[in-house]
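Single-letter residue listing:
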Amino acid sequence: MGKNKYTLAVLGAGTLWGFMGFFRRTLDTMGLSASNCIAVRGIFAALLFGIAMLITDRKAFKVKLRDAWCFLGSGIVSLLLFSLCYFKAMDYMSLSNAAILLYTAPCFVILFSALLFNEKITARKLAAMLIAFAGCCLVSGIGTGSKISTTGILFGLGSGICYALFSIFSRFAINRGYSTFTINFYTCLLAGLGALIVGGVELVPIITSTVPNFLFAAATGLVTCFLPYLCYTYGLTGLENGKASIMASIEPVVATLCGIFIYHEALTAMSAVGILLVLSAIVLLNLKSKTA
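Each chain has its residues counted from 1, following the order in which its sequence is written. Local features are withheld for residues below a pLDDT of 70 in this predicted model, meaning they are given only at 70 or higher, and side-chain atom pairs are given and counted only at 80 or more; totals for whole chains, interfaces and linings count all residues. Side-chain metrics rest on all non-hydrogen atoms present in the structure, leaving aside hydrogens and water.

**Brief notes about the side chain of Ser-170**
Working definition: helices are DSSP H or I runs of at least four residues, strands are E runs of at least two. Numbering for both runs from the N terminus. By the element assignment, Ser-170 lies in helix 8 (residues 150-175). A distance of 2.8 Å separates a polar atom in the side chain of Ser-170 from the backbone oxygen of Phe-166. Whether two residues touch is decided by their heavy atoms; if any such pair falls within 4.5 Å, the residues are in contact. Aside from chain neighbours lying at most four places away, what touches Ser-170 is Ile-183, Thr-233 and Leu-236. Any pair of nitrogen or oxygen atoms within 3.5 Å is treated as a polar contact; in protein, a donor-acceptor pairing is required on top of that, and neighbouring residues in sequence qualify only through side-chain atoms on both sides.

This is how it looks when you write it as C-alpha cells:
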C-alpha cells in the first residue's frame with residue numbers, strides 16, 4: 001500500500017468532516033448553541049478515545065509536562081478557537097464566504113510547515129493548493145450576493161489559521177513520540193471542556209432528555225470528531241502537513257453532496273466544476289514524481 005493508506009486516511013477524515021453540516025443542523029433543532037455543539041463533539045470524542053486507550057494502551061494517557069503545550073495548542077488554540085472563529089465569521093458574512101476563508105488553511109499549513117519542519121514548497125504542491133482553493137470557492141458559491149465586513153474577514157482568516165495549526169501542533173506531538181490516540185484524546189478533551197466554559201452546561205438536560213437525543217449527540221462525536229481526527233492524525237504520520245491539508249479539502253465537496261442528497265439542494269454548474277477541481281488537486285498530489 002505504501003503511502004496510499006495515509007492518503008486514504010486523510011481523504012476519509014475530510015469525507016467525514018463533510019457531514020458536519022447535517023449534524024450541526026440537527027443539533028440546532030434540538031436547541032444547542034454553537035458552543036454547545038463544539039462541546040458535544042469534543043466530550044463524546046474524548047470519551048471514545050479514552051475508552052480505546054483503556055482497552056489498547058493505558059500508558060498512552062501519560063504526557064510529559066514539558067510537552068503539554070502541544071495538546072493545549074491542538075485543543076484550545078486549534079480545535080476550540082477554530083470552531084468559535086468559524087461560527088462567529090458566519091454572523092458577519094455568508095456561509096460561502098466564511099467557508100472560503102476557512103479554506104485558506106492549506107496556505108498557512110504549507111507556510112508554517114516550511115518554516116518549522118523544513119517541508120519543501122514544490123511547484124506541484126503550490127499548483128494543487130491553488131486548484132483546491134479555487135474548487136472550494138466554486139463549491140461554496142463565491143459571490144452569491146453577500147455582505148463582507150472587516151470583522152468577518154478577520155474572524156474568517158482566524159478560523160483558517162487556527163484550523164491550520166492543528167496539523168502543526170499534531171506534528172510536534174508526533175515528533176515527540178505521542179500516538180494518535182494520545183494526541184486526539186487531549187485535543188478533544190481540552191476543546192470540549194473549553195466549549196463548556198464558554199457556552200455553559202445547558203446542553204446536558206437537552207441531550208439527556210430522550211434516548212434519541214443522547215444517541216444523536218454520541219453519533220455526532222463519533223462521526224464528526226472521533227473518526228475523522230483519528231484518520232487525519234494517522235495520515236500525518238505518513239504524509240507531509242501541506243499535502244494532508246490540501247487533500248482534506250474534499251470536505252466541502254462532501255458537504256455539497258450531502259446538501260444535494262439529504263436536503264435536495266440543487267447542484268449548480270459552478271459547484272460541479274468546483275468538485276472536479278478539488279478532485280483534480282487530490283489526483284495531482286498523488287501522481288508519482290521524484291520532486292513532488
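**Some words on the nonpolar core**
Working definition of a nonpolar core: buried Ala, Val, Leu, Ile, Met, Phe, Trp, Tyr and Cys residues. They are joined through side-chain atoms within 4.5 Å. Using a 1.4 Å probe on the protein chains alone, a residue whose accessible area is under 20% of its type maximum counts as buried, one over 50% counts as exposed, and one in between counts as partly exposed. Core analysis: the largest hydrophobic core is formed by 84 residues, its most contacted members being Leu-32, Phe-82, Ile-207 and Tyr-232. A total of 10 residues in this core trace back to one element, the largest contributor, which is helix 8. The residues contacting Leu-32, other than those within four sequence positions of it, are Leu-27, Cys-37, Val-40, Leu-203, Ile-206 and Ile-207.

**Details of empty space enclosed by the protein**
A pocket here means an open set of points on a 1 Å grid, computed over the protein atoms alone, that has protein on both sides within 12 Å along at least five of seven lines. A cavity is instead a set of points where a 1.4 Å probe fits but cannot get out; residues with an atom within 4 Å of a point line either one. Grid points are joined across faces, edges and corners, and a volume is the space filled by probe spheres set on the points. Per the stated rule, a full pass over the model turns up three cavities of 30 Å³ or more. Looking at the largest cavity, its volume works out to about 100 Å³. Contributing elements (two or more residues each) for the lining of the largest cavity: helix 6 (105-117), helix 8 and helix 11 (211-236). It is helix 8 that provides the largest number of residues to the lining of the largest cavity, a total of four residues. Residue classes follow a fixed rule: Ala, Val, Leu, Ile, Met, Phe, Trp, Tyr, Cys and Pro count as nonpolar, while Asp, Glu, Lys and Arg count as charged, and any other residue, Gly among them, counts as polar. Grouping the amino acids of the lining of the largest cavity by side-chain chemistry returns 10 nonpolar, three polar and no charged. Roughly 40 Å³ of internal volume is contained in the second largest cavity.

**Re the confidence of the model for the protein chain**
The pLDDT score gives, residue by residue, the confidence of the prediction method on a 0 to 100 scale. Per-residue confidence for the protein chain gives a mean pLDDT of 89; residues scoring 70 or more make up 94%. The least confident element of the protein chain is helix 5 (residues 95-102), whose mean pLDDT is 74; the most confident is helix 11, at 96.

**A closer look at unusual backbone geometry**
Of note in this structure, Asn-118 is not a glycine but carries a positive phi near 60°. With respect to the helices and strands, Asn-118 occurs in the loop between helix 6 and helix 7 (123-139). Judged by its relative accessible area of 66%, Asn-118 falls in the exposed class.

**Digging into the environment of Thr-237**
The residue Thr-237 is located in the loop between helix 11 and helix 12 (241-247) in this model. Taking the C-alpha atoms as reference points, Thr-237 and Ser-170, 67 residues apart in sequence, are found 9.6 Å from one another. Not counting the four nearest positions on each side in its chain, Thr-237 is found in contact with Tyr-6, Ile-174 and Thr-180.

**Thoughts on the packing of helix 2 (residues 20-29) against helix 3 (residues 34-56)**
In contact at an axis separation of 10 Å, helix 2 and helix 3 are set at 120° when each is read in the N-to-C sense. Compared by their axis directions, helix 2 and helix 3 come out oblique. For the pair helix 2 and helix 3, the crossing hand works out as right-handed. Contacts from Met-20, Arg-24, Leu-27 and Asp-28 of helix 2 reach helix 3 at Ala-34, Cys-37 and Arg-41. By residue class, the composition of the contact of helix 2 with helix 3 is four nonpolar, no polar and three charged. Throughout, an axis means a line fitted to C-alpha atoms (over the contacting stretch in the case of helices), and angles, computed between N-to-C directions, take values from 0 to 180 degrees. Small angles under 35 degrees read as roughly parallel and large ones over 145 as roughly antiparallel, with 65 to 115 read as roughly perpendicular and the rest as oblique. Working rule for handedness: look at the near helix, and if it is turned counterclockwise from the far one by less than a right angle, call the crossing left-handed; if clockwise, right-handed.

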